[in-house]
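The chain contents come next:
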Amino acid sequence: MRKSVWKIAVLLTAFMLLAAAPAMACGGHRLKGNYEGVTVGFNPDPDAVGERCPEGFEWILSSAGTMEVKTRVFKGDMAVASEHCSRWLTPPEGKAWGQIGGGLMILSAGEDELHVAYEGYFRFKGDVTTEWVSKVAVHFRVVGGEGAFEDAHGRGLMFLKDETNLQSGRIKGLLRFDR
């Protein structure tokens, strides 16, 4: 099971990198960012999960932080609020794998907002009741925006590390505009 999850993550990353080249040729703008944040909510309530998440997911994780964003249309710090569904693919003991689905991240700075949907996988190491390290790899797509990001669409990758609720990572992708 672990090898197949790893292969899926590698293939997903390779696909996203190959997809980036044609987008750049069609006038894409680079999107780069560095993220720092914290876990602000963990909701395993079956009713909430059933209402919010795809079938088979086990909990909802909420995070908040800031991202230093660099694009052609915006450069600066943005507040980040995100929420996604998670589930174990292997037992959460030792080194385990999990899946992320139904993610939504909103980056905002004044009137400028970027709305991002995401899904992917995490690798967990540690004890769920004390300390842990999760390495997260997700692919994202831009699903909306306001202000500088009005009419934005695009896609890319996020790589994050969660060390007992302290999160850090980076985002790389491409933006296009229907202007």
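As the structure is a computational prediction, the values presented were derived from the model and not from experiment.

### Focus on the overall build of the protein
Thinking step 1. Each helix and strand in the protein was counted, giving 2 helices and 8 strands.
Thinking step 2. Listed N to C, the secondary structure of the protein is α-β-α-β-β-β-β-β-β-β in terms of helices and strands.
Thinking step 3. Among the 179 residues that make up the protein, the fraction classed as buried is 40%.
Thinking step 4. Looking at the protein alone, contacts between residues at least 24 apart form 58% of all its contacts between residues at least 6 apart.
Thinking step 5. Only carbon and sulfur atoms are counted for the fraction: they give 54% of the accessible area of the protein, which is about 9,900 Å².

### Some points on the packing of aromatic side chains
Thinking step 1. Per the counting criterion, the structure on display carries 7 aromatic pairs.
Thinking step 2. Residues Trp-59 and Trp-88 carry aromatic rings whose centres are separated by 5.5 Å and whose planes lie at 50 degrees to one another, so their mutual orientation is tilted. In this pair, Trp-59 sits in strand E2 (residues 59-70) while Trp-88 sits in strand E3 (residues 75-88), placing the two residues 29 residues apart along the sequence.
Thinking step 3. Relative to Phe-122, the ring of Trp-88 lies with its centre 5.5 Å away and its plane at 65 degrees, an arrangement referred to as edge-to-face. One end of the pair, Trp-88, is in strand E3; the other, Phe-122, is in strand E5 (residues 112-126), and 34 residues separate them in sequence.
Thinking step 4. Through pairs of rings, three or more aromatic residues link up here, namely Phe-42, Trp-59, Trp-88, Phe-122, Phe-124 and Trp-132.

### Quick notes on the state of the cysteines
Simply put, the disulfide is a covalent bond whose two ends are the sulfur atoms of two cysteines.
Thinking step 1. Summed over all chains, the structure comprises 1 disulfide.
Thinking step 2. What pairs with Cys-53 in a disulfide is Cys-85, and their sulfur atoms sit 2.1 Å apart. What sets the handedness of the Cys-53 and Cys-85 disulfide is the S-S torsion sign, and at about -90 degrees it is left-handed. Here Cys-53, found in the loop between helix H2 (46-52) and E2, pairs with Cys-85, found in strand E3; they are 32 residues apart in sequence, far enough to count as distant.
Thinking step 3. Residue class for Cys-53 comes out buried when judged on its relative accessible area of 11%.

### Some remarks on the sheet that holds strand E7 (residues 152-163)
Thinking step 1. One closed barrel accounts for 8 strands, arranged E1-E2-E3-E4-E5-E6-E7-E8; its pairing is antiparallel. Across this sheet, the average inter-strand angle for adjacent strands is 25 degrees, counted without regard to direction.
Thinking step 2. Pairing analysis gives 12 bridges linking E2 to E3, with the strands arranged antiparallel. Among the inter-strand pairings, Met-67 is bridged to a residue of E3, identified as Met-78.

### Side note on the pairing of E3
Thinking step 1. With antiparallel pairing between neighbouring strands as the criterion, E2 and E3 make up a hairpin whose turn holds 4 residues.
Thinking step 2. One ladder, built from 9 bridges, connects E3 with strand E4 (residues 94-109); its direction is antiparallel. By the bridge assignment for E4, Trp-88 is matched with Gly-98.
Thinking step 3. Hairpin remark: E3 followed by E4, antiparallel, with 5 residues in the connecting loop.

### Considerations on the pattern of salt bridges
Thinking step 1. A complete count under the given rule lists 2 salt bridges for this structure.
Thinking step 2. Across the pair Arg-52 and Glu-83 runs a salt bridge, and its minimum N-O distance is 2.6 Å. Linking Arg-52 in helix H2 with Glu-83 in strand E3, this pair joins segments that are 31 residues apart in sequence.
Thinking step 3. Classification of Arg-52 as partly exposed rests on a relative accessible area of 27%.

### Description of unusual backbone geometry
Thinking step 1. Its identity is not glycine, yet Asp-151 carries a phi of approximately 65 degrees, on the positive side.
Thinking step 2. Positionally, Asp-151 belongs in the loop between strand E6 (132-146) and E7.
Thinking step 3. In the Ramachandran plot, Thr-164 falls in the positive-phi region, its phi being about 50 degrees despite a non-glycine side chain.
Thinking step 4. Tracing the backbone through its elements, the reader meets Thr-164 in the loop between E7 and strand E8 (166-177).
Thinking step 5. Thr-164 sits in the partly exposed class, given a relative accessible area of 30%.

Thresholds, definitions, all that
Residues numbered from 1 in each chain as written. Predicted model: local features only at pLDDT ≥ 70, side-chain atom pairs only at ≥ 80, totals over all residues. Heavy atoms only, no water. Helix = DSSP H or I, 4+ residues; strand = E, 2+ residues; numbered from the N terminus. Buried < 20%, exposed > 50% of the residue type's maximum accessible area, 1.4 Å probe, protein only. Contact = heavy atoms within 4.5 Å. Areas by Shrake-Rupley, 256 points an atom, 1.4 Å probe, with all protein chains shown as cover. Phe/Tyr/Trp six-rings, centres within 6.5 Å; stacked < 30°, edge-to-face > 60°. Disulfide = S-S within 2.5 Å. Pairing = 2+ DSSP bridges. Axes fitted to C-alpha atoms, helices over the stretch in contact; angles between N-to-C directions. Salt bridge = Lys/Arg side-chain N within 4 Å of Asp/Glu carboxyl O.

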